[in-house]
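Now for the letters of each chain:
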Amino acid sequence: MTTTLETAPSLNKFEKLKAQKDGLLVKEELEQFAQSGWEAIDKTDLEHRLKWLGVFYRPVTPGKFMVRMRIPNGILTSTQMLILAEVVQRYGEDGNGDITTRQNIQLRGIRLEDVPDIFRRFEQVGLTSVQSGMDNVRNITGSPMAGLDGNELIDTRELVQKVQDMITNNGNGNPEFTNLPRKFNIAIEGGRDNSVHAEINDVAFVPAYKDGQLGFNVVVGGFFSAKRCEAAIPLNVWLPANDDVVDLCRAILIVYRDYGLRANRQKSRLMWLIDEWGIEKFRAEVETEFGRTLPMAALADEMDWEKRDHIGVYPQKQSGLNYAGLHVPVGRLFAQDMFELARMAEVYGSGEIRLTVEQNIIIPNIHNSRLQAFLAEPLLEQFSINPAPLSRSLVSCTGAQFCNFALIDTKNRALATIKALEAELEITQGVRIHWTGCPNSCAQPQVADIGLMGTKARKDGKAVEGVDIYMGGKVGKDAHLGKCVQKGIPCDDLLPVLRDLLIENSWAKPKS
Ligand code: SRM
Ligand code: SF4
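Given the structure is predicted, the values throughout are model-derived calculations rather than measurements.

Caption draft 1: Focus on the overall build of the protein. Secondary structure summary: the protein contains 15 helices and 24 strands in total. For the protein, the spread of C-alpha atoms along the principal axes amounts to about 75 × 60 × 50 Å. Taken over 512 residues, the protein has a buried fraction of 59%. With the model as given, the accessible surface of the protein reaches about 20,200 Å², and the carbon-plus-sulfur share is 49%.

As structure tokens, then:
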């Protein structure tokens, strides 16, 4: 029998679909898809290839698509936010925008017939959703305080943008990097508090001095998956904070693209290649691709602060200016909120809006003289600058409402549980609780003080929604991953378990 793409034994389903047709090619067919309607589209294009454009078919809500943006360094303008608000407003109750754990926004309720027009509107304001899903590089994260923080070491904004432009060909799509073995995460930290969770990225740059010069040490291979979770390890490379960073990302991506393991999708993330080769060989291959000698790592990095959450009002390094961090419960925004945020950023700030990996909003550049009026804005009752202590650090993935991998509902349950705990307990210390709907770990339960991962549990002989509990995740300096400490707690029985955990760990005491 002749071996064809369909019969080649070494190719899994995803490698086959990529080999048959590059995902980016659906860009040319978009107008036709919009006219024919989603039901008429080839199943593989619908369920998979559209993700190369950032358009996600949702089996839970057929016909109502999700669009995942790219917001480099989590920074957008009020004009861009207005466009995103207008896009979701059209869909009434179905439309909303979720802030993601990669400092990004996902739009919901989108109808395919509108996508060509939506993309034209994105282009007019410099937005793109290209290559944000499937085997592509995800939104590139950077310090949310870049350019504002008096204690900043490196301003990450320009570098993050340049790395995105290289990977996406300035947002037009770049077939060079549309067939990676798997998804790929990049983060660039410029501050002292590891605001991007460097350790959980496939490649991360962390500030470090070498011979008195400020640059980055590089760590590689961090990732979470249902099968395995690993913190990144040192590549033993230091680079100055210039275009070398872009070149190194490029070199690593080429090595990963050309040599990364593809046979088993559960073993395709970068760390599996590093395991197979050893870090020295991986470094050597990257150096060859980089085309010049890679300097050895600096002895220590400069990430020596506890992580800040940026909620509240703080002075910037620019005299007379402040930034306000607003807590957005589980990251969910509706069109009206998005319009309000855009208006407030314009009226009180410089029109800039920032997002954090904790799914919150920062409005920077508010002058002292405007602060009082800003603080009187009604939206701050909903998106508080001083939320209750458990709410303040709550993070949640999408969960069963829209995600077909989900084993449990997350966002609503997370909010209800926290509210009940705050009503019962006096919380004596901030506790970071992350809810994630399945072992894919999109809400990073392994970085939380208490991480809750959706699972199937048993109660009274019946299968019910449950969680595995993770504890001990440490963020900021000396970051390390938490571990699973209890398995299969039915969600209905969770409240007393959490209450006991909070009291036992001296995070809370019963209200007197
Ligand atoms: Fe994720 C798949 C949502 C951050 C690990 N993730 C998915 C999909 C696309 C599955 C699907 O098609 O339904 C989810 C879309 C649901 C929806 O409708 O929203 C989804 N992931 C998310 C978001 C929205 C969670 C959130 O509520 O914030 C985050 C979007 C980030 C972004 O803007 O791009 C999100 N996902 C993450 C992270 C966290 C991070 O990057 O720091 C991880 C763990 C880190 C990592 O990847 O190493 C993560 N998502 C996964 C995985 C497991 C990957 C693996 O190697 O096995 C999957 C499943 C997959 O890729 O096969 C997945
Ligand atoms: Fe969906 Fe699971 Fe990711 Fe939550 S963790 S968004 S349920 S894939």
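Following the structure, the description resumes.
Caption draft 2: Highlighting the coordination of the iron atom of ligand 1. On the protein, C442 (SG) is the one donor atom to the iron atom of ligand 1, at 2.3 Å. The residue C442 is located in the loop between β20 (433–436) and β21 (450–459) in this model.

Caption draft 3: A look at the UniProt feature "domain: Nitrite/sulphite reductase 4Fe-4S" (unreviewed entry) in the protein. UniProt's entry tags residues 134–292 and 392–500 with the feature "domain: Nitrite/sulphite reductase 4Fe-4S" (unreviewed entry), counted in the numbering of this structure. Between the end C-alpha atoms of residues 134–292 the distance is 31 Å, and the span holds 30% helix and 21% strand. Within residues 392–500, the helical portion is 20% and the strand portion 34%, while the C-alpha atoms at the span's ends are 20 Å from each other.

Caption draft 4: Structural context of the nonpolar core. Of all hydrophobic cores here, the largest spans 55 residues; its most connected members are L50, M81, L107, F122, L341 and I361. The element that contributes the greatest number of residues to this core is helix α10 (residues 335–348), accounting for eight residues. One finds L159, F184, V255 and I274 within the second-largest nonpolar core, a separate group that totals 43 residues.

Caption draft 5: Expanded view of the site of ligand 2. By nearness alone, every residue bordering ligand 2 is listed as C397, T398, G399, C403, F405, A406, T436, G437, C438, N440, S441 and C442. In the shell around ligand 2, the residues fall into six nonpolar, six polar and no charged.

Caption draft 6: Representation of the side chain of S78 within the structure. In this structure, S78 sits in helix α4 (residues 78–89). When its relative accessible area of 4% is taken as the criterion, S78 is described as buried. What S78 contacts, discounting residues up to four positions off in sequence, is A342, A345, E346, G351 and I353.

Caption draft 7: Molecular detail of the domain arrangement of the protein. What the domain assignment reports for the protein is domain 1 (1–128 + 312–386), domain 2 (180–309) and domain 3 (392–510). Each side of the interface is counted separately: domain 2 has 17 residues, and domain 3 has 13 residues. Roughly 1,200 Å² of surface becomes buried between domain 2 and domain 3 when both sides are summed, with 60% attributable to carbon and sulfur atoms. Where domain 2 meets domain 3, there are two salt bridges. Between D309 and R392 there is a salt bridge whose closest N-O contact spans 2.6 Å. Looking at side-chain class alone, the side of domain 2 that touches domain 3 contains seven nonpolar, three polar and seven charged residues.

Caption draft 8: Structural view of the packing of aromatic side chains. A full pass over the atoms with the stated rule returns nine aromatic pairs. Taking the centre distance of 5.3 Å and the plane angle of 55° together, the rings of Y259 and W277 count as tilted. With Y259 in helix α7 (residues 244–259) and W277 in helix α8 (residues 270–277), this residue pair connects regions lying 18 residues apart in the sequence. Each member of the aromatic cluster is reached from another via a ring pair, and the members are W38, Y57 and F65.

Caption draft 9: The pairing of strand β4 (residues 96–99), seen in detail. Across the two faces of β4 the burial is the same, with N96 and D98 and G97 and I99 all buried. As judged from the four bridges shared by β4 and strand β5 (residues 105–110), these two strands associate in the antiparallel manner. Paired with N96 across the strands is R108, a residue of β5. The hairpin turn running from β4 into β5, its antiparallel successor, is five residues long, and Q103 in that turn takes a positive phi close to 60°.

Caption draft 10: Examining the site of ligand 1 more closely. Taken together, 31 residues sit near ligand 1, with T100, R108, K183, T398 and C442 positioned nearest. Here Q359 contributes a side-chain N or O atom positioned 3.3 Å from an oxygen atom of ligand 1. Contacts to ligand 1 include Q444, whose side-chain N or O atom sits 2.9 Å from an oxygen atom. Of all the secondary-structure elements, those providing two or more residues to the shell around ligand 1 are β2 (65–68), β5 and β10 (223–224). Grouping the constituent residues of the shell around ligand 1 by class yields nine nonpolar, 13 polar and nine charged.

Caption draft 11: Focus on the sheet that holds β5. Spatial strand order, β1-β2-β5-β4-β15: five strands in an open sheet with antiparallel pairing. Sheet topology places β1 (55–56) and β15 (332–333) at the edges, where each strand pairs with a single neighbour. Its contacts with the sheet place α4 against β4, β5 and β15, and it is angled at close to 25° to β5.

Caption draft 12: Quick look at the environment of K162. Inspection of the secondary structure assignment puts K162 in helix α6 (residues 157–168). Accessibility expressed as a relative area gives 30% for K162, which makes it partly exposed. Each C-alpha atom of the pair K162 and D243 lies 8.2 Å from the other, and the pair is 81 residues apart in sequence. Excluding anything up to four places from it in sequence, K162 contacts D243 and V246. Here D243 takes part through its side chain, which lies 2.8 Å from a polar atom of the side chain of K162.

Caption draft 13: Region of interest: the pattern of salt bridges. Enumeration according to the criterion identifies 43 salt bridges in this entry. The salt bridge partner of R121 is E86, with a shortest N-O separation of 2.3 Å. You can see R121 sitting in helix α5 (residues 115–124) and its partner E86 sitting in helix α4, a full 35 residues away along the chain. In this structure R121 comes out as partly exposed when scored by relative accessible area, which is 23%. A salt bridge links D98 to R108, with the shortest nitrogen-to-oxygen separation between them at 3.0 Å.

Caption draft 14: View of the sheet that holds β21. What the five strands build is an open sheet, ordered β18-β20-β21-β22-β23; its pairing is mixed. Every other strand in the sheet has two partners, leaving β18 (395–396) and β23 (483–490) as the edge strands with one partner each. Here β21 runs beside strand β22 (residues 462–471); their pairing, made up of 10 bridges, is antiparallel. Its bridge partner lying in β22, I450 is registered against M471. On the sheet, helix α14 (residues 411–424) packs against β18, β20 and β22 and is oriented at approximately 150° with respect to β20.

What counts, and where the lines are drawn
Residues numbered from 1 in each chain as written. Chains lettered and ligands numbered in written order. Predicted model: local features only at pLDDT ≥ 70, side-chain atom pairs only at ≥ 80, totals over all residues. Heavy atoms only, no water. Helix = DSSP H or I, 4+ residues; strand = E, 2+ residues; numbered from the N terminus. Buried < 20%, exposed > 50% of the residue type's maximum accessible area, 1.4 Å probe, protein only. Areas by Shrake-Rupley, 256 points an atom, 1.4 Å probe, with all protein chains shown as cover. Donors = N, O, S within 2.8 Å, 3.2 Å for Na, K, Ca; no water. UniProt positions renumbered as here; feature names shortened; annotations may be inferred. Core = buried A, V, L, I, M, F, W, Y, C linked by side-chain atoms within 4.5 Å. Near = heavy atom within 4 Å. Nonpolar A, V, L, I, M, F, W, Y, C, P; charged D, E, K, R; others polar. Contact = heavy atoms within 4.5 Å. Domains from an automatic or database assignment. Buried area = accessible area lost by both parts, 1.4 Å probe. Salt bridge = Lys/Arg side-chain N within 4 Å of Asp/Glu carboxyl O. Phe/Tyr/Trp six-rings, centres within 6.5 Å; stacked < 30°, edge-to-face > 60°. Pairing = 2+ DSSP bridges. Polar contact = N/O pair within 3.5 Å; in protein donor to acceptor, adjacent residues only side chain to side chain. Axes fitted to C-alpha atoms, helices over the stretch in contact; angles between N-to-C directions.

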